[in-house]
Each structure stands twice: as C-alpha cells, then as structure tokens.
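Each chain, written out:
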Amino acid sequence: MKRAVLFLALAAAALFTVAATTPKGLESGAFDWRLPAGVAPPPVPADNPMSAAKVELGRRLFYEADLSIDGTMSCATCHEQKRGFTDSNRTRPGVHGDPGRRNIMTLAGVGYFRTLTWADRRETGLERQVRVPLFGQTPVEMGMAGQEAELARRLSQDACYRQMFRDAFPEADGRIDVETVSKALAAFQRTLLAFDTPYDRGVMSAQARAGERLFRSRRLGCAGCHAGPHFTDAATSDDAYHRLPGAASADRGLAESTGRDADTGRFRTPGLRNVAASAPYLHDGSAATLPDAIARHYAPGDRAAPSPADTARLGAFLEALTDEGFLRDPRHALPRTACGRPL
Ligand code: HEC
Ligand code: HEC
C-alpha cells in the first residue's frame, strides 16, 4: 500500500515535470505526434526535422495538382485518404496515359518502413521516393522529368507558398526547390499514423479474435512476414521481399532492380493497417477481395491454405485493422485554407 502511494507521488511528480517542460520543448522543435502511449514515433532523418509548419506545407503540396506537368494530377489523385491513401483501380495511368504498372500502396505508417515501393531496394527514404511519381519514366506518373525549374517557378508565383516555405525552411531562407518540396512531402507523410483501430482498442469481435489467433499461429505464419505493429517486416528488415506461390505475374519484381534471377517475383510485404479500405490487392491489383488476396499466398490446391471458415476469420481480423477516424481525419485531408485564406 505504502509503495503504491509512493509510486503515485513519483508518477505525479514526473507528470508535473513533463507538463512544465513540454511547451518549451515544443518551441525548440519537438513535434507533437499525437501517438497512443507506448508507440514510438517513426524515425526522422537528422537533416529533415519535423515541424508543424513543414507538415502543413507538405499537406498542401500532397494535394497540389501543379506538381504534375499538365496540372491535372496530385499525389492525392492516386492516394485517396478515404481508401487508406490508395484508389480503387488495379493500376492507374499517369498524366500521359502510360498504363500504371503496379497497384497503388497504402500510406498509413509509411514513415516506419525501411524500404519503400513494391520492389526496389534502393528506395530507402520518403524524401527520395518523392522523385518516383514526380520524375519517374517507367511509367510516367506526374511527368515532371526535366521540369525541376518549372516546378519551383510555379510554386514561387504564389505569395502564400513563399510564406509557407519560409516558415517551414527558415534555415534555407524559404528556398523553393525539389529538395524542400520533397522534405515537406516526407514530413507530412510521416504524420500518417493509424493506431486507433478496434484491434488497438482491444474491442474486436469474437470472429476477429479467432482470426488474430490464426494470423499469429505457427500453422499459417502470417505474422512472420506481416510482423509487428505495422504488420510488415519492412519496418524492421531491409529484406522484406517474398514470393507468393499463387501471385505469379509477368512482373519480375525485385529482380528488375537487382538483376538477380533469384529475386524474380519477390515483392515487399505491404503493411495491413486500413487494408479493408484499400482493395484491390497485391502488386498488380489482381486480387479483388481480402479472401482472394489470402488465397493467392498459396499454390492452387495447396492443402496448407486456410479453409473458407478460417479465411472468413482472418478477414474479420484484417477488417479490425481499419482506423475509421484516420480515413476522415481533417488533418490529412485537402486543406481548405492556407495563410488564413480559403484555397
Ligand atoms: C499515378 C498514380 C500515383 C501518383 C500521382 C502518386 N503515386 Fe505514390 N504510388 C503509386 C504506385 C503505383 C505505387 C507503388 C509503386 C511501385 O512499387 O512501383 C506508389 C507508392 C508510393 C509510396 C510507397 C509506399 C510504401 O509502402 O512503400 C509512397 C511513399 C508514395 N507512393 C508517395 C507518393 C507521393 C508523395 C506522391 C506525390 C508526389 C505520389 N505518391 C504520387 C501511384 C501514385
Ligand atoms: C512469406 C511472407 C508472407 C506470409 C507468410 C504472408 N504474407 Fe501476406 N503478403 C506478403 C507479400 C510479399 C504480399 C504482397 C505480394 C504481391 O503483391 O505479390 C502480401 C500481401 C498480402 C495482402 C494484400 C495486401 C495489399 O495491400 O495488397 C493481404 C491481405 C495479406 N498479405 C494477408 C496475409 C495473411 C492473412 C497471411 C496468413 C494467411 C499472410 N498474408 C501471410 C507476404 C506474406
């Protein structure tokens, strides 16, 4: 009893200290991640510290169609918030109509992943990955290759953008270029955190709880690859690439960038938060539903595949990984104002 009282007193003192120091900490650049207790924030590169001003700028840029050559396509055209930052198509063409090659990926928790995209080990950071949709040629998405100066010119014409870049990058005198655009987009994406799900709150249905037991069972081994709080080994490993026996396609996968035959058909394990909102599935969008996606982990006729009843339980568990608030959170949505004026 005495010990409990002492503990409470210590806890209160600790709380008081935190409360007394936090405002100062925030001023000096600490960032309010609004994470649940016990969840660590994603790693942040030393040369791109978080700030509220940078995140606000990154959010506006994420919804900015001027980031595409003909002004018709923003990041959000393909990454729609209400679908867990994906769209509902198998693939989606870029500005010039080049057919998309791969299914659009969800972005919840993307700041934790050590490698990005379906099958390219070289994509190791959000700042760098921004160049793929902006400048990529295979396929062309936003079509800005060779248009770096044009990108800076467009944004610089807007007085509010000039102000937002100054607030976000005081150390660079508010410079507007590909580097600062990429840094702001990366900072915004690090705030895409979806930890308020029935699973996290411990309020899953009996069906979903049975699904979680199967998911973690040695027999099915889902959690071996879809590991940890983000449900992917990509948060802890640089080698989170696997070949699913039932998901073969003409796409060479990891082998395309490594040139090694052994990497043919290997793709990075996707995270599963908000997966129920992000159909269709797999690197080529060829699985229309969660049961389809689960079935494609096994060769046809493989007796180790889960039964229809177990697949339904697994599906109920995967549905309990949806953060409904995240899909509607105004902090991640199209901004309605900038610099105090309606956009
Ligand atoms: C034309 C549609 C399209 C547009 C526009 C687009 N993306 Fe994507 N995005 C994709 C596709 C497709 C993938 C998977 C690409 C691959 O693996 O080859 C992807 C993957 C990603 C990933 C990797 C996620 C992960 O888990 O590894 C990030 C991050 C990302 N996009 C951010 C952005 C940002 C930021 C923008 C705007 C600058 C953007 N995207 C614009 C289609 C698009
Ligand atoms: C060997 C590693 C591994 C295991 C084990 C595994 N997965 Fe996967 N999972 C992957 C990879 C890799 C992909 C993407 C494959 C592709 O696109 O070709 C994937 C894709 C998925 C998808 C589609 C997600 C999306 O956004 O497209 C779901 C759902 C899924 N897995 C659920 C499960 C379930 C349930 C189990 C257990 C029955 C399981 N996985 C076991 C590696 C694994």
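In the vicinity of ligand 2, 20 residues are found, and the nearest of them are Cys222, Cys225, His226, His283 and His297. At 2.8 Å from an oxygen atom of ligand 2 is found a main-chain nitrogen or oxygen belonging to Leu282. Between ligand 2 and His283 there is a distance of 2.6 Å, counted from an oxygen atom to a backbone nitrogen or oxygen. When grouped by side-chain class, the residues that make up the shell around ligand 2 number 14 nonpolar, six polar and no charged.

Below, the discussion takes up the site of ligand 1. Residues in close proximity to ligand 1 total 22 residues, the closest being Cys75, Cys78, His79, Thr117 and Arg268. With respect to ligand 1, the backbone of Trp118 contributes an N or O atom lying 2.7 Å from an oxygen atom. Counting residues per element, the ones that place at least two in the shell around ligand 1 are helix H3 (75-78) and helix H4 (126-129).

Once that is clear, we can look at the coordination of the iron atom of ligand 2. Tetrahedral metal sites with four donors have an ideal angle of 109.5 degrees; octahedral sites with six donors have ideal angles of 90 or 180 degrees. Coordination sphere of the iron atom of ligand 2, protein contribution only: His226 (NE2) and His297 (NE2), at 2.0 Å. The site at the iron atom of ligand 2 holds six donor atoms, and with the angles between them running 85 to 180°, its shape is octahedral. Of this pair, His226 sits in the loop between helix H11 (222-225) and strand S1 (241-242) while His297 is found in the loop between helix H13 (290-295) and helix H14 (308-319), placing the two residues 71 residues apart along the sequence.

Here the protein supplies the iron atom of ligand 1 with just one donor, His79 (NE2), and that contact is 2.1 Å long. Inspection of the secondary structure assignment puts His79 in the loop between H3 and H4.

Moving on, we get to the confidence of the model for the chain. Averaged over all residues, the pLDDT of the chain is 92; the fraction at 70 or higher stands at 92%. In the model, residues 1-29 has pLDDT below 50 throughout and makes four contacts with residues more than four positions away in sequence or in other chains.

Looking now at the packing of aromatic side chains. Each aromatic ring pair is specified by the distance between its two centres and by the angle formed by the two planes. The tally for this structure, following the rule as stated, stands at 13 aromatic pairs. When the ring of Phe231 is compared with that of Phe317, the centres are 6.2 Å apart and the planes differ by 70°; the resulting orientation is edge-to-face. Note that Phe231 is positioned in the loop between H11 and S1 and Phe317 in helix H14, a separation of 86 residues in sequence. The residues Phe231 and Phe317 share a single accessibility class, namely buried. Here a set of aromatic residues connected by ring pairs shows up, and it is made of Phe62, Tyr63, Phe85, Phe188 and Phe326.

Reading the values: rules and limits
- Residues numbered from 1 in each chain as written.
- Chains lettered and ligands numbered in written order.
- Predicted model: local features only at pLDDT ≥ 70, side-chain atom pairs only at ≥ 80, totals over all residues.
- Heavy atoms only, no water.
- Near = heavy atom within 4 Å.
- Polar contact = N/O pair within 3.5 Å; in protein donor to acceptor, adjacent residues only side chain to side chain.
- Nonpolar A, V, L, I, M, F, W, Y, C, P; charged D, E, K, R; others polar.
- Helix = DSSP H or I, 4+ residues; strand = E, 2+ residues; numbered from the N terminus.
- Donors = N, O, S within 2.8 Å, 3.2 Å for Na, K, Ca; no water.
- Tetrahedral: all angles 85-135°; square planar, octahedral: opposite > 155°, others 65-115°.
- pLDDT = per-residue confidence, 0-100.
- Contact = heavy atoms within 4.5 Å.
- Phe/Tyr/Trp six-rings, centres within 6.5 Å; stacked < 30°, edge-to-face > 60°.
- Buried < 20%, exposed > 50% of the residue type's maximum accessible area, 1.4 Å probe, protein only.

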